[in-house]
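# Observations on the model geometry
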Amino acid sequence: MKMRLLYTRSNVGNPVLSDIVLKTGVPINILEAKVSLTGGEIVVDVPATGKQLDEVKGLFQEAGVSAKEIKSIIEIDYEKCISCGACVSPCPVEAIKQNSEWDVELDEGRCIRCLVCVNACPVRAISSP
(Lines give C-alpha, C1' and ligand atoms only; values in the text may rest on other atoms or scores of the structure.)
Protein backbone atom coordinates (compact mmCIF):
# COMPACT_ATOMS: atom_id res chain seq x y z
CA MET A 1 0.00 0.00 0.00
CA LYS A 2 1.24 3.46 -0.83
CA MET A 3 0.86 6.10 1.87
CA ARG A 4 1.42 9.83 2.25
CA LEU A 5 3.09 10.68 5.57
CA LEU A 6 2.78 14.20 6.93
CA TYR A 7 5.40 15.28 9.46
CA THR A 8 5.19 18.32 11.72
CA ARG A 9 7.97 20.45 13.18
CA SER A 10 7.81 18.40 16.41
CA ASN A 11 8.46 15.01 14.79
CA VAL A 12 10.48 15.77 11.65
CA GLY A 13 13.78 15.25 13.50
CA ASN A 14 12.81 11.82 14.85
CA PRO A 15 13.78 8.54 13.12
CA VAL A 16 10.14 7.49 12.80
CA LEU A 17 10.52 5.40 9.63
CA SER A 18 13.56 3.49 10.81
CA ASP A 19 11.96 2.84 14.22
CA ILE A 20 8.86 1.38 12.56
CA VAL A 21 10.95 -0.78 10.20
CA LEU A 22 12.91 -2.14 13.18
CA LYS A 23 9.79 -2.76 15.29
CA THR A 24 7.71 -4.43 12.57
CA GLY A 25 10.25 -5.88 10.13
CA VAL A 26 8.30 -4.27 7.26
CA PRO A 27 10.73 -2.86 4.66
CA ILE A 28 9.15 0.54 4.01
CA ASN A 29 10.31 2.05 0.71
CA ILE A 30 10.51 5.84 0.30
CA LEU A 31 9.15 6.88 -3.11
CA GLU A 32 9.17 10.66 -2.72
CA ALA A 33 10.20 13.05 0.04
CA LYS A 34 9.96 16.78 0.69
CA VAL A 35 11.28 17.48 4.17
CA SER A 36 12.59 20.58 5.93
CA LEU A 37 13.11 21.59 9.54
CA THR A 38 9.51 22.83 9.74
CA GLY A 39 7.83 19.62 8.53
CA GLY A 40 7.49 17.47 5.52
CA GLU A 41 5.68 15.02 3.32
CA ILE A 42 6.94 11.57 2.39
CA VAL A 43 5.31 9.09 0.02
CA VAL A 44 6.11 5.49 0.93
CA ASP A 45 5.27 1.98 -0.20
CA VAL A 46 4.38 -0.28 2.72
CA PRO A 47 4.38 -3.95 1.60
CA ALA A 48 2.09 -5.19 4.36
CA THR A 49 -1.52 -6.28 4.82
CA GLY A 50 -3.90 -7.13 7.63
CA LYS A 51 -2.63 -6.92 11.21
CA GLN A 52 0.89 -6.01 10.11
CA LEU A 53 -0.41 -3.01 8.13
CA ASP A 54 -2.61 -1.98 11.07
CA GLU A 55 0.46 -2.13 13.33
CA VAL A 56 2.46 0.11 10.96
CA LYS A 57 -0.40 2.63 10.76
CA GLY A 58 -0.76 2.61 14.54
CA LEU A 59 2.95 3.25 15.06
CA PHE A 60 2.84 6.23 12.69
CA GLN A 61 -0.11 7.59 14.64
CA GLU A 62 1.71 7.08 17.98
CA ALA A 63 4.68 9.01 16.57
CA GLY A 64 2.41 11.90 15.61
CA VAL A 65 2.78 11.33 11.87
CA SER A 66 -0.39 11.52 9.79
CA ALA A 67 -0.51 8.50 7.44
CA LYS A 68 -3.06 8.53 4.62
CA GLU A 69 -3.54 5.82 2.04
CA ILE A 70 -2.97 6.88 -1.56
CA LYS A 71 -5.70 5.28 -3.61
CA SER A 72 -4.34 6.33 -6.99
CA ILE A 73 -0.73 7.06 -7.85
CA ILE A 74 -1.37 8.51 -11.28
CA GLU A 75 -4.50 8.86 -13.34
CA ILE A 76 -4.83 8.24 -17.06
CA ASP A 77 -7.64 10.06 -18.84
CA TYR A 78 -8.49 7.47 -21.47
CA GLU A 79 -10.71 10.01 -23.24
CA LYS A 80 -7.61 12.12 -23.97
CA CYS A 81 -5.10 9.26 -24.37
CA ILE A 82 -4.16 8.56 -27.98
CA SER A 83 -2.15 5.41 -27.10
CA CYS A 84 0.98 6.86 -28.67
CA GLY A 85 3.22 5.05 -26.18
CA ALA A 86 5.33 8.10 -25.31
CA CYS A 87 4.84 7.25 -21.63
CA VAL A 88 5.89 3.61 -21.95
CA SER A 89 9.62 3.70 -22.65
CA PRO A 90 10.62 6.35 -20.06
CA CYS A 91 8.96 4.41 -17.21
CA PRO A 92 11.90 3.03 -15.18
CA VAL A 93 9.91 0.17 -13.64
CA GLU A 94 7.70 -0.81 -16.60
CA ALA A 95 4.52 0.16 -14.75
CA ILE A 96 3.03 1.47 -17.99
CA LYS A 97 2.73 -0.85 -20.95
CA GLN A 98 0.75 -1.21 -24.13
CA ASN A 99 -1.44 -4.28 -24.46
CA SER A 100 -1.92 -6.38 -27.61
CA GLU A 101 -4.41 -3.81 -28.93
CA TRP A 102 -1.86 -0.99 -28.29
CA ASP A 103 -3.94 0.53 -25.47
CA VAL A 104 -1.95 1.98 -22.56
CA GLU A 105 -2.29 0.10 -19.27
CA LEU A 106 -1.02 1.01 -15.80
CA ASP A 107 0.14 -1.48 -13.16
CA GLU A 108 -0.23 0.65 -10.00
CA GLY A 109 1.52 -2.00 -7.93
CA ARG A 110 4.74 -1.39 -9.87
CA CYS A 111 4.43 2.41 -10.04
CA ILE A 112 6.98 4.27 -7.90
CA ARG A 113 5.45 7.70 -8.50
CA CYS A 114 8.45 9.13 -10.31
CA LEU A 115 5.97 10.99 -12.57
CA VAL A 116 8.17 10.65 -15.66
CA CYS A 117 5.09 9.51 -17.58
CA VAL A 118 3.22 12.72 -16.66
CA ASN A 119 5.89 14.83 -18.35
CA ALA A 120 6.28 12.43 -21.29
CA CYS A 121 2.60 12.49 -22.31
CA PRO A 122 2.23 14.87 -25.28
CA VAL A 123 -1.54 15.27 -24.82
CA ARG A 124 -1.43 15.58 -21.01
CA ALA A 125 -3.67 12.54 -20.50
CA ILE A 126 -1.66 11.46 -17.45
CA SER A 127 -1.81 13.37 -14.17
CA SER A 128 -0.93 12.98 -10.51
CA PRO A 129 -3.84 13.48 -8.10
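Description of the structure in this document. (Residues numbered from 1 in each chain as written. Predicted model: local features only at pLDDT ≥ 70, side-chain atom pairs only at ≥ 80, totals over all residues. Heavy atoms only, no water.)

### Structural notes on the pattern of salt bridges
Taken as a whole and judged by the stated rule, the model has 4 salt bridges. The salt bridge involving Asp45 is made with Lys2; its shortest N-O contact spans 4.0 Å. One end of the pair, Asp45, is in strand E3 (residues 39-45); the other, Lys2, is in strand E1 (residues 2-8), and 43 residues separate them in sequence. Residue classification places Asp45 among the partly exposed residues on the basis of a relative accessible area of 21%. With a relative accessible area of 9%, Lys2 lands in the buried category. For Arg113, the salt bridge identified is with Glu32, shortest N-O distance 2.1 Å. Placement of Arg113 in the loop between strand E7 (104-106) and helix H3 (116-120) and of Glu32 in strand E2 (residues 29-36) is noted, with a sequence separation of 81 residues between them. Each member of the pair, Arg113 as well as Glu32, is classed as buried. One network of salt bridges, in which partners are shared, links Glu32, Lys34 and Arg113. (Salt bridge = Lys/Arg side-chain N within 4 Å of Asp/Glu carboxyl O. Helix = DSSP H or I, 4+ residues; strand = E, 2+ residues; numbered from the N terminus. Buried < 20%, exposed > 50% of the residue type's maximum accessible area, 1.4 Å probe, protein only.)

Functional significance is not addressed by these values, which are geometric in nature.
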